[in-house]
Amino acid sequence: MLPPIFPIFVRNVIYPIYRGLRGDDLLSVLEELERSQWLSPTELEEIQWQRLEGLLRQAVTHVPYYRDLFREAGVMVEDIQGPADLRAVPLLTKEIIRQNSSRLVSRDPLKKGEASSTGGSTGEPLYFYCDRASGPVRRANTLRAIRWTGADIGDRQIFFWGFHLDMSLKERLVDTVKSYFNNIAYLSTFDMSEPSMRRYASRLRRYRPGLVVGYPSALALFCEFCKKQRIPVYHPRAVITSGERTFQHQREIIEEVFRASAFDRYGTREFANIAHECEEHSGLHLFNDLFFVEIIDEKGDQVPHGGVGEMVVTDLSNFYMPFIRYRTGDLAVSSGRVCSCGRGLPLIERIEGRSFDTIITPRGKSVGGFFWTWLSRAVPGIERFQIEQRERSGIIFRIVPGPEWKEEYRDQLSERIRDNCGQDFRVTFAIVEDIPLTPSGKSRFIVSNIEERLVIKSKIHKARITGENPGGVDSIMVDMKLLELAGIAPYEKVLIVDNTNGSRIETVMLPGDREGGRVVAGGATVNHIHTGDEISIMAFTWSSDTRELFKNILVDEHNRFVRYLKEVAGETI
């Protein structure tokens, strides 16, 4: 492994030469951003509005989607004179981008774009284009914020981050070379095992970074491990937390172990850095010289100061594929305060989490991430946790237990949850060995599938009951080969529809002998379905896309596989 380069050599030699060879104006843009951040709020708003007007005119002139959208909405660019007027422009969503990706690209021959995508933290990745000319602006903005921490160009940085698994070998090689000459090293959050974290601590001590950047969940896990195991950790100048909401207990352990101030950062793959905490640590500054940010309620109105709303972002630099009033799905607390640091950039109090990081009770009460994080600390022995909601009536509370966990803590947690969410709120506990990370290497504490639909994922059509086992457990036992063909897991919950007598019963699936053709009702199931009955067996999953293909197999009278069926809406079998 090559030794890191002296920071002063990167800052004063390598970086200027590289930018010169690239032929971009990043360093001059950085100088301008450093100057503009000290302008008054009124002066910054004037710059912001001028850039917004230019973006809207370009979009209506050169982008087919916006040309049609403005015409259909009856909106004229010249009529947009303030934030209230801009709200007449319909919101942009991920689904709209997926359906109109080609029509959202500018037809202006002078504009060039570069393909990009989100990391798929919430499911399906979003593929889009960035304006090539906006690249230096975004990177300069990142450098501006890094300087707020006391670090600078060329200072050694270590990232606790999720690697992009879709990168080609060539892209990985190029990225490795660029990272080396920028004094940046990466530690993968995909592997946070104890041996790996010991290696990470050793790497930090050898590399001696001035700045550590990472997901707060990964950094907190690493710091808790090092503290517990009394492993020495190198102390950087500062730590930047990004990619997830940072909770107070995470900030505390990170600052304690690293002995450095933590700076929270909010950004997305669509826009890079949108807001950042300064040295005063009194909220996050919005980069309103590069973005127009709205914080809106469910009706689309601006929330009052101190209120929680969804962040809607307009990128003032991307003319190639404009994002105008784009719903991020992230919640923030608005602020009317002015930061004592002297910068004119406006503040938000904090990032509250994603819009689906909220649990909804049967009575419509929203319970945010803070309650669930506090709850996870209310009893000992919860190493990691995840809350999943599939319906308003309750949640699944997954727990990775530690040595101090006791089964009686379930009752204590249930009582506190019902006190807050209602006595009729159901809590199902699941003690698990691990909680998988998202595809981009992040942790999701709260997962709301409340807007998703329960859809069929597997179906065995026209099977015959070959026997009964009333003394067994309540179940249906099916030939293992049929389960594999239909994509049904052993012990999975299934719905049985008896085509002979009309009964419907939910039970558990048991694996039977392979290729024996046996389908046996067990336990109380025999009270509803009997030998010789024709049945259909269905398994379900949660999905927001009801068009998703599922495995549907047809069997003969001997329960032998015949073929896969293809069903379409309105078609009968």
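(A) Summary view of the overall build of the protein. A count of helical and extended segments in the protein gives 14 helices and 28 strands. The dimensions of the protein, computed from C-alpha atoms along their principal axes, are 80 × 65 × 50 Å. Of all 573 residues assigned to the protein, the portion counted as buried reaches 51%. Looking at the protein alone, contacts between residues at least 24 apart form 71% of all its contacts between residues at least 6 apart. By element, 51% of the accessible surface of the protein is carried by carbon and sulfur atoms, the whole surface being about 27800 Å².

(B) Looking closely at a nonpolar patch on the surface. A cluster of nonpolar side chains, Phe6, Ile8, Phe9, Val13, Ile17 and Leu21, forms an exposed patch at the surface whose accessible area comes to about 650 Å². Tracing the backbone shows Val13 in helix H1 (residues 7-22).

(C) Representation of the packing of helix H2 (residues 26-36) against helix H7 (residues 135-148). Where H2 contacts H7, the axes come no closer than 9 Å and their chain directions differ by 50°. Here H2 lies oblique to H7, going by the angle between them. In terms of crossing hand, the pair formed by H2 and H7 is right-handed. Residues Leu26, Val29, Leu30, Leu33, Glu34 and Ser36 of H2 form the contact with H7, whose own contacting residues are Pro136, Val137, Arg139, Ala140, Asn141, Leu143, Arg144 and Arg147. A per-class count over the contact of H2 with H7 returns 8 nonpolar, 2 polar and 4 charged.

(D) A look at the domain arrangement of the protein. Taken domain by domain, the protein comprises domain 1 (7-354), domain 2 (359-448) and domain 3 (453-564). For domain 1 and domain 2, the distance between their C-alpha centroids amounts to 30 Å.

(E) How the structure looks around helix H11 (residues 248-258). Regarding H11, the residues found buried are Gln250, Arg251, Ile253, Ile254, Val257 and Phe258. Elements that come into contact with the buried residues of H11 comprise helix H9 (194-207), strand S5 (211-214), helix H10 (216-229), strand S6 (238-241), strand S7 (261-268) and strand S8 (272-277). After H11 finishes, the residue Arg259 shows a positive phi value of roughly 55°.

(F) Representation of the nonpolar core in the model. Judged by nonpolar contacts, the single largest core of 65 residues is most densely connected at Tyr66, Met311 and Ile348. Ranked by the residues each element gives to this core, the list is headed by helix H3 (residues 41-62), at 6 residues. If you look at the next biggest cluster of nonpolar residues, it comprises 36 residues, including Ala185, Val213, Phe225 and Ala260.

(G) How the structure looks around the state of the cysteines. Per the stated rule, a full pass over the model turns up 0 disulfides. Here Cys278 is not cross-linked by a disulfide; its sulfur's nearest cysteine counterpart is in Cys339, at 3.6 Å. In this structure Cys278 comes out as buried when scored by relative accessible area, which is 0%.

(H) Up close: the packing of H10 against H11. Put simply, H10 and H11 touch, their axes get as near as 9 Å, and they point 50° apart. As far as their axial angle goes, H11 and H10 are oblique. Once H10 is placed against H11, the crossing between them reads as left-handed. Each of Pro216, Ser217, Leu219, Ala220, Phe222, Cys223, Glu224 and Lys227 in H10 lies in contact with H11, whose residues at this interface are Gln250, Ile253, Ile254, Glu256, Val257 and Phe258.

(I) Seen up close, the sheet that holds strand S17 (residues 394-401). Sheet architecture is open: 4 strands sit in the order S18-S17-S16-S19, paired in mixed fashion. The open sheet is flanked by strand S18 (426-431) and strand S19 (446-448), the only strands paired with a single partner. The average undirected angle you get between the axes of adjacent strands in this sheet is 20°. Judged from the 3 bridges that link them, strand S16 (residues 382-391) and S19 form a sheet pairing that is parallel. Note on S19: the bridge partner recorded for Ile387 is Ile446. Packing against the sheet, helix H13 (residues 409-421) makes contact with S16, S17 and S18, and its axis sits at approximately 145° to S18.

Rules behind the numbers
Residues numbered from 1 in each chain as written. Predicted model: local features only at pLDDT ≥ 70, side-chain atom pairs only at ≥ 80, totals over all residues. Heavy atoms only, no water. Helix = DSSP H or I, 4+ residues; strand = E, 2+ residues; numbered from the N terminus. Buried < 20%, exposed > 50% of the residue type's maximum accessible area, 1.4 Å probe, protein only. Contact = heavy atoms within 4.5 Å. Areas by Shrake-Rupley, 256 points an atom, 1.4 Å probe, with all protein chains shown as cover. Patch = residues over 30% accessible without salt bridge, like charges linked within 9 Å, V, L, I, M, F, W, Y side chains within 5 Å. Salt bridge = Lys/Arg side-chain N within 4 Å of Asp/Glu carboxyl O. Axes fitted to C-alpha atoms, helices over the stretch in contact; angles between N-to-C directions. Parallel < 35°, antiparallel > 145°, perpendicular 65-115°, else oblique. Left-handed = near helix turned anticlockwise from the far one by under 90°. Nonpolar A, V, L, I, M, F, W, Y, C, P; charged D, E, K, R; others polar. Domains from an automatic or database assignment. Core = buried A, V, L, I, M, F, W, Y, C linked by side-chain atoms within 4.5 Å. Disulfide = S-S within 2.5 Å. Pairing = 2+ DSSP bridges.

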